[in-house]
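Here is how the chains run, residue by residue.
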Amino acid sequence: MNLAFSEEALTLSKALMKRYPEGKHKSALIPILHIAQAEFNGWLSSDAMDYVASIIGIKPIEVYEVASFYSMFNMQPVGKCSLEVCHTGPCAINGAESLISYLENKLNIKLGQTTADGMFTLKAVECLGSCGSAPMLQCGVNYYENLTNEKADDLINKLTAENRLQSYTDIK
Amino acid sequence: MSRKILLEHIDVPGINTFDTYRKMGGYRSVEKALKTMSPDDVVEEVKKSGMRGRGGAGFPTGMKWSFLAKPVGVPRYLVCNADESEPGTFKDRYLMEKIPHALIEGMITSSYALGANTSYIYIRGEYFYVLRILEKAIAEAYANGFLGKNILGSGYDLDLYVHPGAGAYICGEETALLESLEGKRGNPRVKPPFPAIAGLYACPTVVNNVETIAAIAPIVNMGGDEYAKIGIGRSTGTKLISASGHINNPGIYEIELGLPVEEFIYSDKYCGGIKNGKKLKAVVAGGSSVPILPANLILKTANNEARLMSYESLSDGGFVSGTMLGSGGFIVYDEDSCIVRNTWNFARFYHHESCGQCSPCREGTGWMEKVLHRIEYGHGKLSDIDLLVEVSKKIEGNTICPLGDAAAWPVASAIRHFREEFEWHIKEASISQTRNFGLLAAHEALVK
């Protein structure tokens, strides 16, 4: 294992563990897995999960079983920008399906795939709590709502120009 | 009927900051409770208010609080359920994003009432940007002496933390939420024991929804009896409604309980009517889990009385002709909507979100999704309709948490009220691929 958190991420992880009572610091597992994903290219490899286990002082299996349960944790490599389009009920009746087709054509990938340059992964996800501003997608920490094809074009241009990992959490 | 309590100051610039919130009367409930009331006094006011939990189940909050065990020397916890994931529901996000201090204030006053010295807000991971807003608000509350040691010189200590989830609808179920908060998979626990006896870290715990906790501040400020005068019957107070679907004005509305459904849908103060001048076909009134109702039954009860936005009126007629207020996720469908496709969509959602612990839910949700998919895509058989009803009945009531019921109800109710449309989909498979059932046969059910 040769992975390690940055100094900043390690300090933050240790501070997070102190938020829970003595002996209950395993509670910090999910918050720390979010940090791990931000530190290690947007996904959780076995090495990354083993490393998290070592920080918290729990068995690797305790990390695997949690990481594999939650939909925000990627168990496979992903692009720098995961475009997560909500396709549940209210979004589905207000344009999510056509937005997904538009993005598939534009990026020349299917749902679940990543562009050849490793920039974009396209996903359909379940309700993100943005039902009144459909269609919408999440990329990293940001919500992009009331989308049209033009707005989606602008977003892709913006994210391409930023050219960085869009994570759910920033290490600050 | 347009009384605003939670959102009274929503339009005040800077209301997300401590200073402005305080200037508008914020944190008065903390002062009142800590300086002039005992914890039991606060619980008593909440009981008197008659407020029912705003997360979906509608259980009276004061009663839930009074179940909390208080063994000596054992810590107690208040956990706020900010895992808002019920399709159609986005009110908690709005409240936390716009007026984060309303939740923080409610957390402090409620924690004092329950005797908790450490409290957590469990927020769904997708709302990470809202988590940052809350953390900033919490830091402001600490800096101003409303959190930490010896709050306002009362001798009461409270630490408050925000904890992110990571994408799992099931963590909105309170015992799954507690498992998740302990750093585990979000598998609901077998009850009893209920969290009031053995919750977080096996200690007595109350889990309340964001809107419920935010409403504690006005209840303490005005007194439970005054709060109980707002609303109608046993549906006291105001409720945040998330309006979405085919309407002119989607968004969050605070309504006094008892508002007629018809006014809510058609008034320009609320939804503003159906988009593009279309007719109303159906409504899911309380988040995706509650039974869908056709236009005639959402506007009027089976007894031809005006249907109201209240716990009692919406559930009038039981599941034969009624539904539930649930979380207040109000999804409106116009005349062109395809009920089969919508039902399949919801079934896919529940299949995706089933935690897999109980066989009826794990297998049944997938089975329903598969059958609905084949009906929607022109490969259904007429016997599939009864098969769906049968599977839904075998899930309902046979799981350790309500996700099973939540998955069964949308399917059963869609078939109950729109069976003809399902039959049409199967019999006219080729046509149903290119056009929706729409006005074809549901004509009589449509109004306006």
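Counting from 1, residues in each chain are numbered in the order their sequence is written. Chain letters and ligand numbers both follow the written order, the letters beginning at A and the numbers at 1. Note on the predicted model: pLDDT of at least 70 is required for a residue's local features to be given, and 80 or more for side-chain atom pairs to be given and counted; whole-chain, interface and lining totals, by contrast, use all residues. As a rule here, side-chain values cover all heavy atoms of the structure and leave hydrogens and water aside.

1. What to know about the confidence of the model for chain B
All names here are of chain B. As a per-residue measure, pLDDT reflects the predictor's confidence and takes values from 0 up to 100. For chain B, the mean per-residue pLDDT works out to 95, and 96% of the residues sit at or above 70. pLDDT under 50 marks residues 439-448. Its contacts with residues more than four places away, or in other chains, come to 19 contacts. Interface confidence for the predicted complex, expressed as ipTM, amounts to 0.97; the pTM equals 0.96. Should any heavy atoms of two residues lie within 4.5 Å, those residues are considered in contact.

2. As for the packing of aromatic side chains
Side-chain rings of Phe, Tyr and Trp, where Trp is taken by its six-membered ring, are said to pair if the distance between their centres is within 6.5 Å; with planes under 30 degrees apart they count as stacked, over 60 as edge-to-face, and otherwise as tilted. Considering all chains together, one arrives at 26 aromatic pairs over all chains under this definition. Taking 5.1 Å as the distance between ring centres and 70 degrees as the angle between the ring planes, the aromatic pair formed by Phe5 of chain A and Tyr51 of chain A counts as edge-to-face. Taken together, the positions of Phe5 of chain A in the segment before helix H1 (7-17) and Tyr51 of chain A in helix H3 (residues 46-56) put the pair 46 residues apart, joining distant regions of the chain. By relative accessible area, Tyr51 of chain A is classed as buried at 11%. Plain terms: the ring middles of Tyr77 of chain B and Tyr201 of chain B are 5.7 Å apart, the flat faces sit at 75 degrees to each other, and that makes the pair edge-to-face. Of the two residues, Tyr77 of chain B sits in strand S1 (residues 77-82) while Tyr201 of chain B sits in the loop between helix H8 (174-181) and strand S4 (205-209), which places them 124 residues apart along the sequence. Among the aromatic residues, those joined into a ring-pair cluster are Tyr20 of chain A together with Tyr77, Tyr120, Tyr161 and Tyr201 of chain B. Over a ring means this: the NZ of a Lys or the CZ of an Arg is within 6 Å of the ring centre and within 35 degrees of the ring normal. Lying across the ring of Tyr127 of chain B, Arg124 of chain B places its NZ or CZ 5.3 Å from the centre. A run of H or I in DSSP counts as a helix once it spans at least four residues, and a run of E counts as a strand once it spans at least two, with each numbered from the N terminus. Working definition: with a 1.4 Å probe on protein chains only, accessible area under 20% of the residue-type maximum means buried, over 50% means exposed, and in between means partly exposed.

3. Some remarks on the layout of surface pockets
Each pocket or cavity is described by its volume, and for the largest pocket that value is around 1,300 Å³. Along the wall of the largest pocket there are 46 residues; nearest its centre are Gly56, Ala57, Gly172, Glu173 and Pro402 of chain B. The element that contributes the greatest number of residues to the lining of the largest pocket is S4 of chain B, accounting for five residues. Under the grouping applied here, Gly and all other residues not named as nonpolar or charged are polar, the nonpolar ones being Ala, Val, Leu, Ile, Met, Phe, Trp, Tyr, Cys and Pro and the charged ones Asp, Glu, Lys and Arg. Counted by class, the lining of the largest pocket contains 18 nonpolar, 17 polar and eleven charged residues. Think of a 1 Å grid over just the protein atoms. A cavity is a set of points where a 1.4 Å probe fits yet cannot get out, a pocket is an open set with protein on both sides within 12 Å along at least five of seven lines, and lining residues have an atom within 4 Å of a point. Grid points are joined across faces, edges and corners, and a volume is the space filled by probe spheres set on the points. In this model, the second largest pocket occupies a volume close to 440 Å³. Taken together, 28 residues make up the lining of the second largest pocket; nearest its centre are Ser71 of chain A together with Gly167, Ala168, His352 and Glu353 of chain B. Contributing elements (two or more residues each) for the lining of the second largest pocket: strand S2 (120-125) of chain A together with helix H15 (339-353) of chain B.

4. Some thoughts on the domain arrangement of chain B
All names here are of chain B. Per the annotation, domain bounds derive from an automatic or database assignment of domains. If you check the domain split of chain B, you get domain 1 (18-228), domain 2 (231-334) and domain 3 (339-444). Between domain 1 and domain 3, the contact holds 13 residues from the first and ten residues from the second. By buried area we mean how much accessible surface two parts lose on assembly, using a 1.4 Å probe and totalling the loss over both. On the domain 1 side of the interface with domain 3, the three residues burying the most area are Tyr169, Ile170 and Pro188, jointly 51% of the side's total. The salt bridge criterion pairs a side-chain nitrogen of Lys or Arg with a carboxyl oxygen of Asp or Glu, the two atoms within 4 Å. Applying the counting criterion to the domain 1 and domain 3 interface returns zero salt bridges. Here a polar contact is taken to be a pair of N or O atoms separated by no more than 3.5 Å, where protein atoms must pair a possible hydrogen donor with a possible acceptor and residues adjacent in sequence count only if both atoms sit in side chains. Put simply, domain 1 and domain 3 have two residue pairs in polar contact (both at pLDDT 80 or more) between them. Looking at the side of domain 1 that touches domain 3 residue by residue, the classes come out as six nonpolar, three polar and four charged.

5. Details of the environment of Ile274 of chain B
All names here are of chain B. Its location among the elements puts Ile274 in the loop between helix H11 (261-266) and strand S10 (280-284). When the C-alpha atoms of Ile274 and Phe422 are compared, they prove to be 24 Å apart, with 148 residues separating the residues in sequence. In this structure Ile274 touches His246, Ile247, Asn248, Ile265, Tyr266, Lys279, Leu280, Val332 and Asp334, once residues within four positions along its chain are discounted.

6. As for the interface of chain B and chain A
A common measure of how large an interface is: the accessible area buried when the components associate. Counting from both sides, the interface comprises 54 residues of chain B and, opposite them, 41 residues of chain A. Across the interface of chain B and chain A, roughly 3,700 Å² is buried in total on both sides, 56% from carbon and sulfur atoms. If you look at where chain B meets chain A, you find four salt bridges. Notably, a salt bridge pairs Glu126 of chain A with Arg348 of chain B, separated by 3.1 Å at the nearest N-O pair. Counting the contacts that link chain B with chain A gives 27 residue pairs in polar contact (both at pLDDT 80 or more).

7. As for a nonpolar patch on the surface
Residues forming no salt bridge and having over 30% relative accessible area are the ones grouped into patches, like charges within 9 Å of each other and nonpolar side chains (Val, Leu, Ile, Met, Phe, Trp, Tyr) within 5 Å. Accessible areas in this description were obtained via Shrake-Rupley with a 1.4 Å probe; residue shielding takes into account the shown protein chains only. A surface patch of nonpolar side chains, about 290 Å² in accessible area, is lined by Phe59, Met63 and Phe67 of chain B. Among the structural elements, Met63 of chain B can be located in helix H4 (residues 61-66).

8. With respect to empty space enclosed by the protein
Over the atoms, a rolling probe the size of a water molecule traces out where space has been left empty. Evaluation of the coordinates by the stated rule reveals four cavities of 30 Å³ or more. Estimates place the volume of the largest cavity at around 130 Å³. For the largest cavity, the lining is made up of 15 residues, of which Gly42, Asn74, Gln166, Ser167 and Tyr168 of chain A are closest to its centre. Sorting the residues of the lining of the largest cavity by element identifies helix H2 (29-39) and strand S1 (81-86) of chain A as the ones contributing at least two each. Looking at the lining of the largest cavity element by element, the count peaks at three residues for H2 of chain A. Of the residues in the lining of the largest cavity, the class split is four nonpolar, nine polar and two charged. By volume, the second largest cavity is sized at about 70 Å³. Considering the residues around the second largest cavity, the lining is formed by Ile170, Pro188, Ser354, Cys355, Gly356, Gln357, Cys358, Cys361, Thr399, Ile400, Cys401 and Leu403 of chain B. For the lining of the second largest cavity, the residue count by class is eight nonpolar, four polar and no charged.

9. Observations concerning the side chain of Glu86 of chain B
Tracing the backbone through its elements, the reader meets Glu86 of chain B in the loop between S1 and helix H5 (91-98). Asp and Glu count as negative and Lys and Arg as positive, but His and the ends of the chain are not part of the count. Within the buried set, Glu86 of chain B has no salt-bridge partner at all; the shortest N-O distance to an opposite charge, 10 Å, is to Arg124 of chain B. Of the polar contacts made by the side chain of Glu86 of chain B, one reaches the backbone nitrogen of Ser289 of chain B; its length is 2.7 Å. If sequence neighbours within four positions are ignored, Glu86 of chain B has contacts with Cys127 of chain A together with Tyr169, Gly286, Gly287, Ser288, Ser289, Ser327 and Tyr350 of chain B.

10. A few points about the sheet that holds strand S8 (residues 251-256) of chain B
Each strand in a sheet pairs with another by means of backbone hydrogen bonds, the pair being arranged parallel or else antiparallel. Residues and elements named next belong to chain B. The strand order across the open sheet built from five strands is S8-S7-S13-S10-S11, with neighbouring strands paired in mixed fashion. Looking at which strands have only one partner, the edges of the open sheet turn out to be S8 and strand S11 (293-294). Here the axes come from fitting lines to C-alpha atoms, over the contacting stretch only for helices, and the angles between their N-to-C directions go from 0 to 180 degrees. Sheet strands in contact with H5 are strand S7 (238-245) and S8, and its direction is about 115 degrees off that of S7. Pairing between strands is defined by DSSP: at least two bridges between the two strands are required.

11. A closer look at helix H16 (residues 359-376) of chain B
Residues and elements named next belong to chain B. For H16, which comprises 18 residues, the first-to-last C-alpha distance of 25 Å matches the rise-based estimate of 26 Å (1.5 Å per residue) to within 8%. Within H16, the full set of buried residues consists of Cys361, Gly364, Thr365, Gly366, Met368, Glu369, Val371, Leu372, Ile375 and Glu376. Buried residues belonging to H16 abut H15, helix H17 (383-395) and helix H18 (403-427). In the segment just after H16, Gly378 is the residue with positive phi, at about 85 degrees. The span expected for a helix works out to 1.5 Å for each residue beyond the first.

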